[in-house]
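Chain residues, written in single-letter form:
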Amino acid sequence: MKPMDLDSYNKQLSEWKINTVIVLQGERLLGEWYAGGKDSIGPLYSCTKSILSVLIGIAVDKGVLADVEQPITTYLKHPKEISKALSQITIKHLLTMTPGFEWPDFDKPYKTFKAAPDPVAYVFDQPLISAPGAAFAYNSGGSHLLSAILTEAAGMSALSFAKEHLFEPLGFQSARWMERAGVNEGGTGLFLSERDLARIGSLYAQKGRFGNNQLVSAAWVDESTALHHKGLLQYEPPIYGGYGYHWWYSPESYNGQCDCYFAFGHGGQYLLIVPEYELVIVIRKKITKRNDAMFARRFIFEHLIPDFLTSVRNSQKLSIKKL
């Protein structure tokens with residue numbers, strides 16, 4: 001694959017308030033563009049959720065967590081009067097955003113949840129209105145429970161676990177992760193550089209392998225990025241998709257280009273992987289209005305992916321001619 005000329009999009013990127021674009025195939029850099037001229041550390045917003053999913057997978061691989069079918073009550077202190085109901089909720093239900101808690105659309109309780117002195121207790125105070133696994137509701141509170149579960153199971157913070165088993169093996173520059181009551185925020189709060197985020201994409205594009213190291217199993221990569229719930233596939237504008245284990249899933253029939261999965265953060269932050277081609281795309285966008293995230297999506301599906309696929313087809317034609 002030849003390098004991509006991202007500078008040719010300067011005007012479009014500026015108009016759409018996009019700050020960073022990185023494109024890789026596997027670990028090979030195809031192009032990078034920075035509005036500020038260089039890579040920088042910044043907030044991932046809800047892309048944090050997908051990184052947490054990677055950590056849960058590593059914990060399962062290593063036996064720190066037995067499997068995703070374990071009840072959350074195995075690890076979390078909870079009110080005895082609702083113990084029976086909570087024991088029906090598994091780690092998998094949290095990963096797929098289907099635990100059954102009342103949590104209004106688009107994480108509306110988030111600010112109240114974030115202000116709570118005990119975020120885990122706040123989540124448990126919410127009514128259970130559906131059977132676990134029955135209904136999807138985007139819920140950062142559930143993500144925080146996952147971080148609390150990992151902390152309890154591993155005997156260290158999610159950040160410490162990440163540094164030991166993921167960030168340092170990937171050669172990260174640095175990482176910061178906000179915490180509440182001794183638990184790193186599960187739904188947001190992680191700060192990474194764009195290039196380090198792209199390394200996560202390379203890891204997943206290569207089925208959990210980076211360089212010579214298998215950091216997370218290929219089985220977990222496949223399971224966590226598969227479609228487990230239709231999620232927000234019908235939402236307009238089509239910013240989101242179906243849902244896996246804290247990864248969004250977008251089939252070719254939905255986006256018009258290719259099957260892919262992605263981490264998505266507030267305002268249009270993307271880490272997107274096209275597994276068929278080991279294609280990795282990182283987009284960091286200035287926060288404006290919520291639906292302005294469409295500009296980041298449009299740049300991916302109207303420009304980057306079509307340009308990449310055209311280049312692939314041209315390379316294939318050249319190969320045929322040489323034969």
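Overview of the structure. (Residues numbered from 1 in each chain as written. Predicted model: local features only at pLDDT ≥ 70, side-chain atom pairs only at ≥ 80, totals over all residues. Heavy atoms only, no water.)

1. Some words on the side chain of S250
Looking at the secondary structure, you find S250 in strand 11 (residues 248–250). Looking at S250, its side chain comes within polar contact range of the side chain of N255, at 2.9 Å. Beyond its immediate chain neighbours, meaning those up to four positions away, S250 contacts N255, C258, D259, C260 and F262. (Helix = DSSP H or I, 4+ residues; strand = E, 2+ residues; numbered from the N terminus. Polar contact = N/O pair within 3.5 Å; in protein donor to acceptor, adjacent residues only side chain to side chain. Contact = heavy atoms within 4.5 Å.)

2. Let's talk about the pattern of salt bridges
Side chains that carry opposite charge are capable of pairing whenever their charged atoms lie near each other. Applying the stated rule across the entire model yields six salt bridges. D222 is the partner of K207 in a salt bridge, and the nearest nitrogen-oxygen pair spans 2.5 Å. Here K207 is found in the loop between helix 9 (194–205) and strand 8 (209–210), whereas its partner D222 is found in helix 10 (residues 218–225), with 15 residues between them in sequence. Look at K207 and you get partly exposed, because its relative accessible area is 38%. For E302, the salt bridge identified is with R298, shortest N-O distance 3.0 Å. Remark: R298 and E302 occur in helix 12 (residues 293–322); sequence separation between them is four residues, near one turn of the helix. (Salt bridge = Lys/Arg side-chain N within 4 Å of Asp/Glu carboxyl O. Buried < 20%, exposed > 50% of the residue type's maximum accessible area, 1.4 Å probe, protein only.)

3. Concerning helix 9
Given a rise of 1.5 Å per residue, 12 residues ought to cover 16 Å, and the 16 Å separating the end C-alpha atoms of helix 9 matches this to within 8%. Most of helix 9 is tucked away, with 10 of its 12 residues classed as buried. The complete set of buried residues in helix 9 reads E194, D196, L197, A198, I200, G201, S202, L203, Y204 and A205. One or two positions beyond helix 9, positive phi appears at K207, with a value near 60°. (Expected span 1.5 Å × (residues − 1).)

4. Describing the pairing of strand 14 (residues 279–285)
Strand 14 sits mainly inside the fold: seven of its seven residues count as buried. A two-sided burial pattern is seen for strand 14, the buried positions comprising L279, I281, I283 and K285 on one face and V280, V282 and R284 on the other. Pairing of strand 1 (residues 18–25) with strand 14 involves seven bridges; the strand directions are antiparallel. Looking at strand 14, one finds that V21 is bridged to I283. Relative to strand 14, strand 13 (residues 269–274) is paired through five bridges, and the arrangement is antiparallel. Within strand 14, the position partnered with Y270 by the bridge is I283. (Pairing = 2+ DSSP bridges.)

5. Remarks on the sheet that holds strand 1
An order of 2-1-14-13-12-11-10 is seen for the seven strands of this open sheet, with the pairing classed as antiparallel. The sheet is open, and its two borders are formed by strand 2 (28–34) and strand 10 (242–243), each paired with just one other strand. As paired elements, strand 11 and strand 12 (residues 260–265) share three bridges and run antiparallel to each other. Within the sheet, the bridge partner assigned to Y249 lies in strand 12 and is Y261.

6. Points about helix 8 (residues 158–167)
Buried residues dominate helix 8, accounting for seven of its 10 residues. Three or more residues of helix 8 are buried, namely A158, L159, F161, A162, H165, L166 and F167. Down the axis of helix 8, the buried side of the element spans an arc of 150°, and every buried residue falls inside it. (Arc of directions from axis to C-beta.)

7. A closer look at the nonpolar core
Counting residues in hydrophobic clusters, the biggest one holds 68 residues, and the most contacted among them are I91, L145, L166, F167, Y204 and L271. At eight residues, helix 2 (residues 47–61) tops the list of elements feeding residues into this core. In this structure Y204 touches V54, V216, W220, V221, S224, T225, W247 and Y261, once residues within four positions along its chain are discounted. Ranked by size, the runner-up nonpolar core spans 39 residues in total, among them L6, V274, F301 and F308. (Core = buried A, V, L, I, M, F, W, Y, C linked by side-chain atoms within 4.5 Å.)

8. Here's the deal with the pairing of strand 2
Where strand 1 and strand 2 come together, six bridges link them in antiparallel fashion. The partner of T20 across the bridge, within strand 2, is Y34. Counting the residues that bridge the hairpin from strand 1 to strand 2 gives two residues, and of these G26 lies at a positive phi of roughly 65°.

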